[in-house]
Amino acid sequence: MAAAAPGGSAAGLFPLLLLLPLLPGRSAALPGMPGMLFPRDTPTRERKELGGLWSFRADLSPGRNAGFAQRWYQQPLRQTGPVIDMPVPASFNDMTQDPSLENYIGWVWYEKEVLLPARWLQDPPHTRVVLRFGSAHYYAVVWVNGEQVVEHEGGHLPFEADISNVIRGSPGTLCRITVALNNTLTPHTLPPGSIQYMTDKTRYPKNYFVQNTRFDFFNYAGIHRPVVLYTTPSVYIDDITVTTTSSEHVALVQYKVSVVGSSAYSLSLSLRDQEGKVVATGDGPQGELKVLNPNLWWPYLMHENPGYLYSLEVKMQAQVAWASLEDVYTLPVGIRTVHVTSTQFLINGRPFYFHGVNKHEDADIRGKGLDWALIMKDFNLLRWLGANSFRTSHYPYAEEIMDLCDAYGIVVIDESPGVGIKLPESLGNDSLSHHMVVMQELIRRDKNRPSVVMWSVANEPASELPPADFYFRKVISYTKALDPSRPVTFVTEANYALDRGAPYVDVICVNSYFSWYHDPGHLEVIPLQLTAQFENWYKTYQKPIIQSEYGADSVPGLHSDPPLMFSEEYQKAMLKEYHAVFDKKRKEYVIGELIWNFADFMTNQGTTRVLGNKKGIFTRQRQPKAAAFVLRERYWKIANESSCLPPVKTSHSFCLK
Ligand code: GCB
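Residues numbered from 1 in each chain as written. Predicted model: local features only at pLDDT ≥ 70, side-chain atom pairs only at ≥ 80, totals over all residues. Heavy atoms only, no water.

Engineer: Any chance you could break down the pattern of salt bridges for me, citing the residues and the numbers?
Structural biologist: The final tally for this structure, using the stated rule, is 35 salt bridges. A salt bridge links K422 to E493, with the shortest nitrogen-to-oxygen separation between them at 2.8 Å. Pair noted here: K422 is in the loop between β25 (411–415) and α6 (429–446) and E493 is in the loop between β27 (488–492) and β28 (508–511), with a separation of 71 residues, a long-range link. One salt bridge connects R586 with E641, and the closest N-O pair in it is separated by 3.3 Å. Here R586 is found in the loop between α9 (568–585) and β30 (590–595), whereas its partner E641 is found in helix α10 (residues 626–642), with 55 residues between them in sequence. Overlapping salt bridges bring together D583, R586, E593, R634, K637 and E641 as one network. (Salt bridge = Lys/Arg side-chain N within 4 Å of Asp/Glu carboxyl O. Helix = DSSP H or I, 4+ residues; strand = E, 2+ residues; numbered from the N terminus.)

Engineer: Hey, could you go over unusual backbone geometry for me, with residue numbers and the actual values?
Structural biologist: That bond from L190 to P191 is cis: its omega, -5°, falls within 30 degrees of zero. A cis amide bond links W596 with the next residue in sequence, N597, at an omega value of 10°. Tracing the sequence through the fold places N597 in the loop between β30 and α10. Phi angles above zero are rare outside glycine, and D519 is one such case at about 50°.

Engineer: Any details on the packing of helix α8 (residues 526–541) against α9? Residues and values, ideally.
Structural biologist: Put simply, α8 and α9 touch, their axes get as near as 9 Å, and they point 40° apart. Here α8 is positioned oblique relative to α9, judged by the angle of their axes. The hand of the α8/α9 crossing is right-handed. Between α8, through I526, P527, L530, T531, F534 and E535, and α9, the contact on the second element is made entirely by M574, E577, Y578, V581, F582 and K585. A breakdown of the residues in the contact of α8 with α9 according to their chemical character gives 8 nonpolar, 1 polar and 3 charged. (Axes fitted to C-alpha atoms, helices over the stretch in contact; angles between N-to-C directions. Parallel < 35°, antiparallel > 145°, perpendicular 65-115°, else oblique. Left-handed = near helix turned anticlockwise from the far one by under 90°. Contact = heavy atoms within 4.5 Å. Nonpolar A, V, L, I, M, F, W, Y, C, P; charged D, E, K, R; others polar.)

Engineer: Let's hear about the site of the ligand: which residues, and what values?
Structural biologist: Residues in close proximity to the ligand total 13 residues, the closest being D216, E460, Y517, E549 and K615. At a separation of 2.7 Å, an oxygen atom of the ligand approaches a polar side-chain atom of E549. Bound to the protein, the ligand loses 92% of the 320 Å² it would expose on its own. Partitioned by chemical class, the residues of the shell around the ligand number 4 nonpolar, 4 polar and 5 charged. (Near = heavy atom within 4 Å. Polar contact = N/O pair within 3.5 Å; in protein donor to acceptor, adjacent residues only side chain to side chain. Areas by Shrake-Rupley, 256 points an atom, 1.4 Å probe, with all protein chains shown as cover.)

Engineer: Pulling in residues and values, what's your account of the sheet that holds strand β9 (residues 174–182)?
Structural biologist: The sheet built from 6 strands is open, its strands ordered β3-β2-β4-β9-β6-β7 with antiparallel pairing. This sheet does not close on itself; its edge strands, each paired only once, are β3 (84–88) and β7 (147–153). Going across the sheet, the axis of each strand differs from the next one's by a mean of 30°, ignoring polarity. As paired elements, strand β6 (residues 139–144) and β7 share 6 bridges and run antiparallel to each other. Across the sheet, the residue bridging to V141 is E151, located in β7. (Pairing = 2+ DSSP bridges.)

Engineer: Go over the packing of aromatic side chains, please, and point to the residues and values.
Structural biologist: Each aromatic ring pair is described using two quantities: the centre-to-centre distance and the angle formed by the ring planes. One pass over the full model with this rule turns up 38 aromatic pairs. Between the aromatic rings of F56 and Y110, the centroid separation amounts to 5.0 Å while the plane-to-plane angle is 80°, which identifies the pairing as edge-to-face. On the criterion of sequence distance, the pair formed by F56 in strand β2 (residues 52–58) and Y110 in strand β4 (residues 107–115) is long-range, its members being 54 residues apart. A relative accessible area of 0% places Y110 in the buried class. Note on Y538 and Y589: the rings are 4.0 Å apart at their centroids and 5° apart in plane angle, and the pair reads as stacked. Placement of Y538 in helix α8 and of Y589 in the loop between α9 and β30 is noted, with a sequence separation of 51 residues between them. Judged on exposure class, the residue Y538 and its partner Y589 are both buried. Three or more aromatic residues link up through ring pairs in this structure, and these residues are F68, W72, Y73, W107, W109 and W143. Over the face of the ring belonging to W72 we find R57, whose NZ or CZ atom lies 4.4 Å from the ring centre. If you follow R586 out to its NZ or CZ, it ends over the ring of Y353, 5.4 Å from the centre. (Phe/Tyr/Trp six-rings, centres within 6.5 Å; stacked < 30°, edge-to-face > 60°. Buried < 20%, exposed > 50% of the residue type's maximum accessible area, 1.4 Å probe, protein only. Lys NZ or Arg CZ within 6 Å of the ring centre and 35° of its normal.)

So this is what it looks like as structure tokens:
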């Protein structure tokens, strides 16, 4: 236990003992952020996956600063002390039998030695080599061959560094990548947290401290998503932004392309359908492609061919002193529109009802590390359930997951890591400016995704506190300015009459746990309390409402009739009480219901958590509890009622795309 904190810049001094309030390198420079296109193999680009075993060491020195003091990044990590093997991507916490690693706070060090293809180093043609992390939690400093190449704050979004000059300046083709990673949270990080020192010497050992958080999931840390090296030519397509509109027989795909490395280039674009036929072409950095009789992107269960994606191939040609260069990037594009009225959420002009789930990136052993088998199982379960949507509670999910939402037609409310914002000090300017950077990074990453229909800037902040007014006005208007094409919300648990952020959202997203945290055991209060909740919010704001969380813990295999709390029967009964009210109000202005939670997940230890939160309708190992069958029957029924398709069978859902 005990830790060190990020403080001072990586090249500078680190405090011997813990936290400085501010993290290093926090950038307020928003406009002009470079692009963050997902690295893909194209005729002009190559990628090399760096997943597998990395060398690892937790800095156990009293101040957690030995790694910086002794410059562990200047030589192979094994030469400065013992190392263990650590898988990437994965959280490090559950990987060993050592409880001090499970609860470790402070700097950990990762290292990977990679042999580069010799052709990447040839000069000319000047291949640009980029090192990219899908995410690393929470604060990362990265060196290549001992030279610092990037720092990044925030655990759920990608960051990268052009390392061409560093590797060309180093002898040979060996490239040593060193990462220092710190999971310390402060009142101004997203999510916020704080270190509490226990100074009563009669009760705690010397220098004892704990990290407090106000969110309900385990603060897993590590390199959570894939690390890749990829190449581009030295003049390259840096970013592409696409928005779409459509009328009955014509769609317009508006595009903007930015190129870096030269101002003398030409661009040509072609949009292909799924048969490979070119349906529209364009040129130049900005323009509009006209698609006749478009195949629209439809949500799962709303169309027999959901998730239709075109491919936008962008080709850049540039003339440089020694050669002509070409870069090609292909972006999946879905054509769809989103509109919000005072009572409805419209996708392609048709009312959309969110019948879905809230999830977590969470599993045994790997924690929050990306795992293809788990991802596939989850999408198969979602489709088995008849779920058409989820919220990325409570942070952005992996790009690999988002790709599948686009391809399968699963609609996403894309949430920032703004969870646990409970103290006034987390609603000040430091937090706000970081929150804006995070929104920009999130939108930069996900702006082209048809599955993303709404941004959520936060979950259950203290939105009744006075500073919440300014804070949410700013962060929401900033988000809308970055992306005028999507509605914006945050998820509230505040009283409708006291909430200071709700005036700024497009859709009211409200969480409630009647008969669980309030009036525990009293299922009979649900109809009255839930009806009042909806009516009060609607009367106050005349905006459509999503029940963004509701649920009850159940310990799988625990039975009780009449239903008692924590039994599978109670979880089922509670769902049914909620559903009866949803069914009345969805005829009016309730536009969705998202169960809390898709699966059981790990939390901090506490007297209300039994090896984690048990509100899953699936266990952590993805086996259904009784509640899953209740929800499955309901979701398929709603889908069949609202679809213009012939009724879909609830069995063999894997046959559906
Ligand atoms: C909530 C939170 C969620 C928790 C859930 C619970 O309101 O948004 O993060 O896990 O309640 O189970 O307490």
